[in-house]
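Take a look at the letters that make up each chain.
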Amino acid sequence: MPRLTDARKELRRAQITEAAVRCFSRNGLERTSIADITAESGLSTGSIYAHYRNKADLVQASAHAVLAKRAEALGEYAGRDTPPDPDELLTRLIASIDPVEARVGVQTWSEATNNPAIHDIVVDTIDRMRAMVHDSVTAWLVKVEHLEPTEAQERATPIAHQVQSLYLAQLLYTALQSPAEETAP
């Protein structure tokens, strides 16, 4: 049997993780089986287990993948030459919410209350997101509002907190919508 290159292994892991996210969104973390993920991915059970030891590993990988996407989007906004103002930042963040990923994200938060590995992923990602929102707001205050960096950092803290809180509230609301509500005009 040919050996997989590292790049091919990462692609296969991503394929499995994406299938797991779809299954977790549809069935929930507890009710999804490896057989469900196998069917969704189109791969063999052996292939799944060649990349993940068990379902818990897949839950962790899925949680990390979903939460990392949000952090990545925030990093892009903060790094722009002219960062968006807080209202535009919030609008962009909300527009990027994927209902499937929102459901998995909220389930992941719940799992984080009793699973130390998931807890660490969630806390780390939320902390990174908080820092990126803060950096984006600080950059906007410096580049657009022309505040001194020290003052901008101080003023950014409550603004960033509000942006992140409103974003998380919308994420929760999106996750709680039924699939029929998602497609309604």
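Chemist: I would appreciate a short explanation of the overall build of the protein in the present structure.
Modeler: Along its length, the protein carries nine helices and zero strands. Along its sequence from the N terminus, the protein presents helices and strands in the succession α-α-α-α-α-α-α-α-α. Overall, the protein is about 60 × 40 × 35 Å in size when its C-alpha atoms are taken along their principal axes. The buried share of the protein, reckoned over its 185 residues, is 41%. Surface exposure of the protein reaches about 10400 Å², of which carbon and sulfur atoms provide 54%. Positive and negative charge centroids in the protein, built from 19 and 26 side chains respectively, lie 9 Å apart.

Chemist: What am I meant to see in the environment of Gln170 here?
Modeler: Structurally, Gln170 can be placed in helix α8 (residues 149–176). A C-alpha to C-alpha distance of 8.5 Å links Gln170 and Ile97, two positions 73 residues apart in sequence. When near neighbours in sequence (up to four residues on either side) are disregarded, Gln170 contacts Ile94 and Ile97.

Chemist: When you look at helix α1 (residues 6–27) in this model, what are you seeing that I'm missing?
Modeler: The α-helix winds at 3.6 residues per turn, so residues separated by three or four positions along the chain end up facing the same way. Here α1 spans 31 Å end to end across 22 residues, near enough to the 32 Å set by a 1.5 Å rise per residue. Residues Arg12, Ile16, Thr17, Ala19, Ala20, Val21, Cys23, Phe24 and Ser25 constitute the buried set of α1. Gly28 occupies a position one or two residues after α1 and carries a positive phi of about 90 degrees.

Chemist: It is not clear to me how the packing of helix α7 (residues 116–143) against α8 should be interpreted in this structure. Could you clarify?
Modeler: Working note: a packed helix pair is described by the angle between its axes plus the distance between those axes. Look at α7 against α8: their axes get within 7 Å of each other, and the N-to-C directions meet at 130 degrees. Relative to α8, the element α7 lies oblique. Of the two elements, α7 crosses α8, and the hand of that crossing is right-handed. Mapping the contact onto sequence places Ile126, Met129, Arg130, Val133, His134, Val137, Thr138, Leu141 and Val142 in α7 and Pro149, Ala152, Gln153, Arg155, Ala156, Thr157, Ile159, Ala160, Val163, Gln164 and Tyr167 in α8. Residue classes in the contact of α7 with α8 are distributed as 13 nonpolar, five polar and two charged.

Chemist: Would you explain the pattern of salt bridges in this entry?
Modeler: Where charged atoms of side chains with opposite charge meet at close range, the side chains can pair. Inspection of the entire model under this criterion finds seven salt bridges. Put simply, Asp127 and Arg130 hold a salt bridge, and the shortest N to O gap is 3.1 Å. Linking Asp127 with Arg130, this pair stays in helix α7, spanning three residues, or about one helical turn. We classify Asp127 as partly exposed; its relative accessible area is 39%. Note that Glu151 and Arg155 form a salt bridge whose closest N and O atoms lie 3.6 Å from each other.

The rules behind each value
- Residues numbered from 1 in each chain as written.
- Predicted model: local features only at pLDDT ≥ 70, side-chain atom pairs only at ≥ 80, totals over all residues.
- Heavy atoms only, no water.
- Helix = DSSP H or I, 4+ residues; strand = E, 2+ residues; numbered from the N terminus.
- Buried < 20%, exposed > 50% of the residue type's maximum accessible area, 1.4 Å probe, protein only.
- Areas by Shrake-Rupley, 256 points an atom, 1.4 Å probe, with all protein chains shown as cover.
- Lys, Arg positive; Asp, Glu negative; His and termini not counted.
- Charge placed at Lys NZ, Arg CZ, Asp CG, Glu CD.
- Contact = heavy atoms within 4.5 Å.
- Expected span 1.5 Å × (residues − 1).
- Axes fitted to C-alpha atoms, helices over the stretch in contact; angles between N-to-C directions.
- Parallel < 35°, antiparallel > 145°, perpendicular 65-115°, else oblique.
- Left-handed = near helix turned anticlockwise from the far one by under 90°.
- Nonpolar A, V, L, I, M, F, W, Y, C, P; charged D, E, K, R; others polar.
- Salt bridge = Lys/Arg side-chain N within 4 Å of Asp/Glu carboxyl O.

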